[in-house]
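# Survey of secondary and tertiary structure
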Amino acid sequence: MALLEICCYSMECAVTAQQYGADRVELCAAPKEGGLTPSYGVLKSVRQNVTIPVHPIIRPRGGDFCYSAGEFDAMLEDVAQVRELGFPGLVIGLLNEDGHIDMPRMRRIMTAAKGMAVTFHRAFDMCKEPLQAFENLAELGVARILTSGQQSSAEKGLKLITELKAHSGVPIIMAGAGVRASNLESFLEAGVEELHSSAGKWTPSPMRYRNTGLSMSTDAEADEYSRYSVDGESVAVMKSMIDRFHV
């Protein structure tokens, strides 16, 4: 049975994902940055309100995955925090300047995360040699790799995804980026074991008063009166498709 992971950016999103049938949650902050480490308050509230497995992302900033010494120290502290809070897994990824897996630092991450399932996120899609990276991550004992097959969407990268999947059973290959009900069947038919989807939507802010003459964002086009949420119906449709496929 294929597993459905939903990317969530708040406690409310995680509760919705669980309610509509998600098997696991990747918990993040900052959707427009592609996901950053959630705050302690969000982490704690999710632990209290969500019973399906939740894997927080450990990512101190947007952009590339080659981190400074200070950023890496902060990541180690965040790993310790999510482990202390009792999360069963986490999501992380580090590359070196040449686009290879940062093995010395990843070894330290794996030690800090001992007992937790580690997902190596889409930093994999930015690496120089994916097959070598796969071997490196297998050596580290990473549980799974989240990947779009190094393409702009997992649908476009399905060839590499299936190649990696055939390479070995561990790490598990989880397809992510543009996975939705309209293309879900292609992944199921390819035998992809885990699927990652945002199932997201933007909803208007409830604020009636709006000062539209200024912005808190460096992006002048940003709409600060819309909020990201999980579309529960989309989650339910995908989960239903997975269940029917495996009958």
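Throughout what follows, the structure given in this document is the object of discussion.

The rules behind these values
Residues numbered from 1 in each chain as written. Predicted model: local features only at pLDDT ≥ 70, side-chain atom pairs only at ≥ 80, totals over all residues. Heavy atoms only, no water. Helix = DSSP H or I, 4+ residues; strand = E, 2+ residues; numbered from the N terminus. Rg over C-alpha atoms; globule rule 2.2 N^0.38 Å. Contact = heavy atoms within 4.5 Å. Areas by Shrake-Rupley, 256 points an atom, 1.4 Å probe, with all protein chains shown as cover. Lys, Arg positive; Asp, Glu negative; His and termini not counted. Charge placed at Lys NZ, Arg CZ, Asp CG, Glu CD. Buried < 20%, exposed > 50% of the residue type's maximum accessible area, 1.4 Å probe, protein only. Pairing = 2+ DSSP bridges. Right-handed = clockwise from strand over helix to strand, strands pointing away. Axes fitted to C-alpha atoms, helices over the stretch in contact; angles between N-to-C directions. Parallel < 35°, antiparallel > 145°, perpendicular 65-115°, else oblique. Left-handed = near helix turned anticlockwise from the far one by under 90°. Nonpolar A, V, L, I, M, F, W, Y, C, P; charged D, E, K, R; others polar. Polar contact = N/O pair within 3.5 Å; in protein donor to acceptor, adjacent residues only side chain to side chain. Phe/Tyr/Trp six-rings, centres within 6.5 Å; stacked < 30°, edge-to-face > 60°.

### Overview of the overall build of the chain
A tally of regular secondary structure across the chain gives 8 helices and 10 strands. By the compact-globule yardstick of 18 Å for 247 residues, the chain fits well, its C-alpha radius of gyration being 18 Å. Each principal axis of the C-alpha atoms in the chain carries an extent, and together these give about 55 × 50 × 35 Å. Taking contacts inside the chain between residues at least 6 apart in sequence as the whole, the part at least 24 apart equals 67%. Put simply, the chain shows about 11,900 Å² of open surface, and 50% of that area lies on carbon and sulfur atoms. Side-chain charges in the chain split into 24 positive and 31 negative, and the spacing between the mean points of these groups amounts to 3 Å.

### Here we look at the pairing of strand E8 (residues 194–197)
Residues Glu194 and His196 point to one face of E8 and Leu195 and Ser197 to the other, with burial holding for every one of them. In this structure, strand E1 (residues 3–8) lies alongside E8, joined through 4 bridges in parallel fashion. Note on E8: the bridge partner recorded for leucine 3 is glutamate 194. One ladder, built from 3 bridges, connects strand E7 (residues 172–176) with E8; its direction is parallel. Its bridge partner lying in E8, glycine 176 is registered against histidine 196. What joins E7 to E8 is helix H7 (residues 184–189), and the crossover it makes is right-handed.

### Section: the sheet that holds E8
Spatial strand order, E3-E2-E1-E8-E7-E6-E5-E4: 8 strands in an open sheet with parallel pairing. The open sheet terminates on both sides in strands that have one partner only, identified here as strand E3 (54–56) and strand E4 (89–92). For this sheet, the mean inter-axis angle between neighbouring strands, taken without regard to orientation, is 25°.

### Remarks on the packing of helix H5 (residues 130–140) against helix H6 (residues 158–167)
In helix packing, the relevant descriptors are the interaxial angle and the interaxial distance, both defined with respect to the helix axes. Close contact between H5 and H6 brings their axes to 11 Å; oriented N to C, the two are set at 40°. Here H5 is positioned oblique relative to H6, judged by the angle of their axes. Between H5 and H6 lies a crossing of right-handed hand. In contact with Pro130, Leu131, Phe134 and Glu135 of H5, H6 contributes Leu160, Glu163, Leu164 and His167. Split by residue class, the contact of H5 with H6 holds 5 nonpolar, 1 polar and 2 charged.

### What to know about the side chain of serine 197
Looking at the secondary structure, you find serine 197 in strand E8. Since its relative accessible area comes to 3%, serine 197 is described here as buried. Polar contacts involving the side chain of serine 197 include one to the main-chain amide nitrogen of alanine 199, which spans 3.2 Å. Once you skip the residues sitting within four places of it in the chain, serine 197 turns out to touch Glu5, Ile6, Cys7, Val179 and Met238.

### Examining the packing of aromatic side chains
Two aromatic rings are characterised by how far apart their centres lie and by the angle between their planes. This model, assessed by the stated rule, comprises 2 aromatic pairs. Seen in terms of ring centroids, tyrosine 9 and tyrosine 228 are 5.0 Å apart; in terms of plane orientation they differ by 80°. Their pairing is edge-to-face. Highlighted residues: tyrosine 9 in the loop between E1 and helix H1 (11–19) and tyrosine 228 in strand E10 (residues 226–230), separated in sequence by 219 residues. Each member of the pair tyrosine 9 and tyrosine 228 is classed as buried. Taken together, a centroid distance of 5.4 Å and an interplanar angle of 80° make the contact between tryptophan 202 and tyrosine 228 edge-to-face. With tryptophan 202 in strand E9 (residues 200–204) and tyrosine 228 in strand E10, the pair connects residues that are 26 residues apart, well separated along the chain.

These values are about where atoms sit, not about what they do.
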